[in-house]
Amino acid sequence: MRLLYIMDPVEIMIPDKDTTFALIGGGQRRGHENFHAALSDIYLSRGEVRARARRVRVNDVTPFSVLEGPPVDLGVEAFDAVLIRKDPPFDAHYLYTTLMLEHARGKTLLINDPRGLRDANEKLYALQFPAFVPKTAVTANRDQLLAFAAEVGGKAVIKPLDGAGGFGVLALSTGDQNARAIVDMLTSEGRKPAMIQEYLPAVRQGDKRILLLDGEPLGAILRVPRPDDMRSNIHVGGSVEPTEVTPAEQAMIKAMAPRLRADGLIFVGLDVIGDRLTEVNVTSPTGIQQLARFTSSHPEDKVIAWIEARARR
């Protein structure tokens, strides 16, 4: 197969952590050609969405990722699958790219579906499953945000709707002299909404990332925050431990799977603290390399095998 990855520059991939690096490697092992394109390489001409792409190869030794040969200019239907793996934020350029990719619908396999990517803000989409989320409010109003923190016991977590990797995630405590300033900063002084959720003490034991493929769990890892940080993201220094998907989480996944499939969200990362769903990661879910090490397996091969089966269909 020919697989096109729409993603950030290959130079910034971390070879022992990046999920896209693992997926490209999985494709190589199974004999497929991998191609790289940035958002700026996707364009629309005469109703056809096209890509200026270069072959990409990953290696076990330096240089870990290599772009090979000159760029090729192809309609995206020339690829068996297009994996949209651009890291957040979901900005205007990202939005326009998903709208252009609508012209490839039915012509190639799109993962994740561009319509699903537009609909599934990684913070707000979790609210589609109210039985599993913590107490939450979304507003730009300072008084409402401060009142929410007081209502849930005086401690809450506030975060921007367009952040990623733990950026902008802050504790908000009633009586803290910084509370008003934190709210004003995250809402741009009341001009854009932020999400606020009850503080979940279970975060000290870890934030579980469950990776799903077509509504079924590939496995899970536990990201544990540093003693001096509330955030557990790997990007900001959280450590990673092995863990299992519990029966309660299996039930949650079963309840969520029909909606995820309907929205074309095939490769997804759920963030779970205690028994509460906090985020649904759909743009470029991470964690597959850590899962591989804990399970002595290659879960990325399951993703590529799924693509092979669907592309042939």
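Each remark here, short or long, concerns the structure printed above.
For the structure given in this document, a descriptive report is provided here. Note that the coordinates shown come from a computational prediction; the quantities given were computed from them, not determined experimentally.

### Things to note about the overall build of the protein chain
For step 1, the next point in the chain: For the protein chain, the helix and strand inventory stands at eight helices and 16 strands.
For step 2, the next point in the chain: The globule rule puts the C-alpha radius of gyration for 313 residues at 20 Å, and the 20 Å found for the protein chain is close to it.
For step 3, the next point in the chain: Taking the principal axes of its C-alpha atoms as reference, the protein chain extends roughly 60 × 45 × 40 Å.
For step 4, the next point in the chain: Going through the 313 residues of the protein chain one by one, you find that 51% of them count as buried.
For step 5, the next point in the chain: Across the protein chain, contacts joining residues at least 24 apart in sequence account for 65% of those joining residues at least 6 apart.
For step 6, the next point in the chain: In the form shown here, the protein chain has an accessible surface area of approximately 14,300 Å², with 52% of it arising from carbon and sulfur atoms.
For step 7, the next point in the chain: One finds the centroid of the 39 positive side-chain charges in the protein chain at a distance of 2 Å from the centroid of its 40 negative side-chain charges.

### Some words on the pattern of salt bridges
For step 1, the next point in the chain: Applying the stated rule across the entire model yields 26 salt bridges.
For step 2, the next point in the chain: The partner of Lys208 in a salt bridge is Glu249, and the shortest N-O contact between them spans 3.0 Å. Here the residue Lys208 occupies a position in strand β12 (residues 207-213), and Glu249 occupies one in helix α6 (residues 247-262), the gap between them amounting to 41 residues.
For step 3, the next point in the chain: Overall, Lys208 belongs to the buried group, its relative accessible area being 8%.
For step 4, the next point in the chain: In this structure, Arg226 and Asp228 form a salt bridge, with 2.6 Å as the shortest nitrogen-oxygen distance.
For step 5, the next point in the chain: On the accessibility criterion, Asp228 (57% relative accessible area) is exposed.

### Let's talk about empty space enclosed by the protein
For step 1, the next point in the chain: The tally for this structure, following the rule as stated, stands at one cavity of 30 Å³ or more.
For step 2, the next point in the chain: Considered as a void within the structure, the largest cavity measures approximately 60 Å³ in volume.
For step 3, the next point in the chain: Forming the boundary of the largest cavity are Leu23, Leu83, Ile84, Arg85, Ile111, Asn112, Phe267, Val282, Thr283 and Pro285.
For step 4, the next point in the chain: A per-class count over the lining of the largest cavity returns seven nonpolar, two polar and one charged.

### Concerning the layout of surface pockets
For step 1, the next point in the chain: Here the second largest pocket is characterised by a volume of approximately 310 Å³.
For step 2, the next point in the chain: Around the second largest pocket, the lining is made up of 16 residues, and of these Phe21, Ala22, Arg29, Asp60 and Glu300 lie nearest the centre.
For step 3, the next point in the chain: Taken together, the elements giving at least two residues each to the lining of the second largest pocket come down to α1 (19-29) and α7 (288-295).
For step 4, the next point in the chain: Among the elements that make up the lining of the second largest pocket, the one with the highest residue count is α1 (five residues).
For step 5, the next point in the chain: Looking at the lining of the second largest pocket residue by residue, the classes come out as five nonpolar, six polar and five charged.

### Overview of the side chain of Asp207
For step 1, the next point in the chain: Following the sequence through the fold, Asp207 ends up in strand β12.
For step 2, the next point in the chain: If we skip the residues at most four places from it in the chain, Asp207 touches Ile221, Leu222, Arg223, Ser232, Asp271, Val272 and Ile273.

What counts and what doesn't
Residues numbered from 1 in each chain as written. Predicted model: local features only at pLDDT ≥ 70, side-chain atom pairs only at ≥ 80, totals over all residues. Heavy atoms only, no water. Helix = DSSP H or I, 4+ residues; strand = E, 2+ residues; numbered from the N terminus. Rg over C-alpha atoms; globule rule 2.2 N^0.38 Å. Buried < 20%, exposed > 50% of the residue type's maximum accessible area, 1.4 Å probe, protein only. Contact = heavy atoms within 4.5 Å. Areas by Shrake-Rupley, 256 points an atom, 1.4 Å probe, with all protein chains shown as cover. Lys, Arg positive; Asp, Glu negative; His and termini not counted. Charge placed at Lys NZ, Arg CZ, Asp CG, Glu CD. Salt bridge = Lys/Arg side-chain N within 4 Å of Asp/Glu carboxyl O. 1 Å grid on protein atoms, 1.4 Å probe; cavity = no way out; pocket = protein on both sides within 12 Å on 5 of 7 lines; lining within 4 Å. Points joined across faces, edges and corners; volume = space filled by probe spheres on them. Nonpolar A, V, L, I, M, F, W, Y, C, P; charged D, E, K, R; others polar.

Structural measurements only, silent on function.
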